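Close look at the chain arrangement
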Amino acid sequence: MATPSSSGAGDGGARSKPGFVPLVTVVDFHHHRGPEVERWFGVEEGQDPATDYDWTLLPFMALSDGAHASTEDFSYFTLLRPATNDSPATSLFGISCTRQLDASQLLVRPSDVTRSTVQKAVVVIADSPQFFGMLRERLSVVTSAWFAQREFSDTEILRRFQESLAEEKARGQLNEEVDRDQYLGMSLRELVREFRWQTLVLLKCCLLQPKMLFFGSRCERLCMMQFSLISLIPGLLRNLQDCAGPELNNYEKNLTRPTSLRTSDRNSLLAYMGLPLQIFGKGSLFGPYTPLQQLDILADFGTKSYIVGSTNSLLLQQRDRYSDILINLDENTINVTSTSLRTALVLSHSDRRWIDFITQEVNDTWDESNPGRPKTMGYRGSEEFIRLQFEEYLLSLISSVKYHNYLAENGHNPKAVLPHIEGDPSYDFGNEWVEYWMRTENYRIWNSHTDSHLFDIVEPKHPCAGGLTIDDVQRRIQQQVQDLHLDERFAVGREVLGRNLAAGRDKASTIFNKLYADMETLREAQRQRAEESQTGRNSMEKNGSASSNAESTKTQQPPSSVGARAGAYIGSWTSWADQKRKQGWGRSSGSSGGGGWGFGGGWRSRSGNTDSGSEKNGAP
């Protein structure tokens, strides 16, 4: 938006406070009294700005909740400097670097150090956050070096650090209107990578000026996400002089409508178009890190809107009271508690098509080893690419809304309609959102300080204007799959299924192999038994064939044959008996003195020497 000075959008915030010199202070965590300011650098001896300016919450802002859980942590916060005789009330910005040291490593251990660790924060207070990215690196080095001394009473390095900041301020280095380092540390690529299409939802939510609450366990990431978000509004970081308190309204008081335009000068174009859209005016507050002790300001009746961050999970239990929208950075979730706000934040097809294009560019050039720079080292997907895309979007938005107002005033005149613009282009940005935005304070300030024909400078058309196409449907389905992590779940499911199938296949193979082996063993045993049985049968057949043949022969002989054999047998006995009788049965009987048949003697002779001969002679 137009700035208090006539030079454009880039200098109003810095030049309105030319006399403020950056201050350095040390905040110590006392185990009995809690966080407290220990000493100041850059002020006169005996002066305490915390007391003079009523900065009672400064120690709690410098030492964030949970800072003890990390070796080094940073906190960003805002301070209200009351009005003085020569300057109005304004906003100051603080950045603190918190570190801790084992008390046993101290060269000189004070008597009031009773705990095992010493925790301190070195704080820099400046009049603009524009160069906090560069200042953060220097503050980290100075704090680390001071702790490495292991002697906190030696503060020479802190004094010289403050003096160097004061010299740079005097030379005007901290007031230069350059974009070279002002966005250092504010990674838009990470913001788009994490929130994807919801990045545009967050930006449009900022313009509606609700009560936005960010939550995260890491204080530095919590603060930088908020700075990254508001940096998407061109020129806003240089015009935050009213963000520290809801009662401040200096920006609007000093604002004038621009009367000239240099199209070759980007800052002149932005100022003429009414940028930045001042979302931190009267009734608004910005607190990148807000401790619980500051909740009474959030609940104050005069505080209508704010963007604040907290690392304390207790605030989550009262989110319905302190927020219209909650952004949980630990879970990467956005919860809109206001029904009207939720309806207004629904993205149109054109909005979704536009932010999906940017998200795809970031994903295609993402480099895990260096998230802040595209892996192609090119322009597409870079920080500057994203920032200029959002700048084009906002310029198209405000031009379309101006044309929307023009159509409402001249709808009865067909000649007033631009021939190359079809319908009302503001509908592509969401009709509900436009109506909601037209009721906000930043819209009122913008509309009253800009020309009614801005659409003659920037074409009133959405960058991705058009209705729903098949590509949008495919992109939406793909995005929903990513949002629901279905691809990851399916990948895990496929992996688990693959493992189970492999295990089942191995187990089934083992079972089949064992079954086959058992069957082979059984078949071998049966084969051996069959061979043994066959061998036995063969031997039995061989051994029993003769007898069976003889028996069968005997059995099968006719009666005549049997009788003939019986007659021959009896005849042989008869012949044998006759022969024996002729040879000596008579003599044997005589000598023996016996009579009768002489069978006894014959048997005795047979049992003696003659029986063998008789047997040899064929006796049966």
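Refer to the structure above for everything that follows.
Basis of the calculations
- Residues numbered from 1 in each chain as written.
- Predicted model: local features only at pLDDT ≥ 70, side-chain atom pairs only at ≥ 80, totals over all residues.
- Heavy atoms only, no water.
- Helix = DSSP H or I, 4+ residues; strand = E, 2+ residues; numbered from the N terminus.
- Contact = heavy atoms within 4.5 Å.
- Pairing = 2+ DSSP bridges.
- Axes fitted to C-alpha atoms, helices over the stretch in contact; angles between N-to-C directions.
- Buried < 20%, exposed > 50% of the residue type's maximum accessible area, 1.4 Å probe, protein only.
- Phe/Tyr/Trp six-rings, centres within 6.5 Å; stacked < 30°, edge-to-face > 60°.

The residue Glu 252 is located in helix α9 (residues 250-253) in this model. Once you skip the residues sitting within four places of it in the chain, Glu 252 turns out to touch Arg 444 and Ile 445.

The next thing to look at is the sheet that holds strand β3 (residues 72-81). Read from one edge to the other, the open sheet built from five strands follows the order β2-β1-β5-β4-β3, with strand pairing classed as antiparallel. Unpaired on one side and paired on the other, β2 (34-41) and β3 mark the two borders of the sheet. Within the sheet, the average angular offset between the axes of one strand and its neighbour, ignoring direction, is 25°. Most of the contacts of helix α4 (residues 132-148) go to strand β4 (residues 90-102), to which it runs at about 35°, and overall it touches β1 (23-30), β2, β3, β4 and β5 (117-126).

This next bit is on the pairing of strand β7 (residues 284-287). Both faces of β7 are covered, namely the face carrying Ser 284 and Phe 286 and the face carrying Leu 285 and Gly 287. Summarising the sheet, β7 and strand β8 (residues 305-310) pair through four bridges and their orientation is parallel. By the bridge assignment, Phe 286 is partnered in β8 with Ile 307.

Right, let's get into the sheet that holds strand β9 (residues 325-328). Taken in spatial order, the five strands of this open sheet run β7-β8-β6-β9-β10, and their pairing is mixed. Here the strands that pair on one side only, and so sit at the sheet edges, are β7 and β10 (333-336). The sheet shows a mean angle of 15° between the axes of neighbouring strands, taken without regard to direction. Across four bridges, the pairing between strand β6 (residues 211-215) and β9 is parallel. Pairing of Met 212 across the sheet is with Ile 325, part of β9.

Let us look at unusual backbone geometry. Backbone torsion omega between Leu 275 and Pro 276 reads 5°, so that peptide bond is classified as cis. Along the polypeptide, Pro 276 turns up in the loop between α10 (266-272) and β7. Despite not being glycine, Asn 332 shows a phi value in the positive range, around 55°. Structurally, Asn 332 is set in the loop between β9 and β10. Despite not being glycine, Met 377 shows a phi value in the positive range, around 60°. As for its position among the elements, Met 377 is in the loop between α14 (349-364) and α15 (383-409). The exposed category is assigned to Met 377, whose relative accessible area is 56%.

Our focus in this paragraph is the packing of aromatic side chains. Applying the stated rule across the entire model yields 21 aromatic pairs. An angle of 90° between the planes, with centres 5.8 Å apart, marks the rings of Trp 146 and Phe 147 as edge-to-face. Side by side, Trp 146 and Phe 147 carry an identical accessibility label, which is buried. An angle of 70° between the planes, with centres 5.3 Å apart, marks the rings of Tyr 393 and Phe 429 as edge-to-face. Of this pair, Tyr 393 sits in helix α15 while Phe 429 sits in the loop between α15 and α16 (431-437), and the two are 36 residues apart along the sequence. Given the relative accessible area of 1%, Tyr 393 is considered buried.

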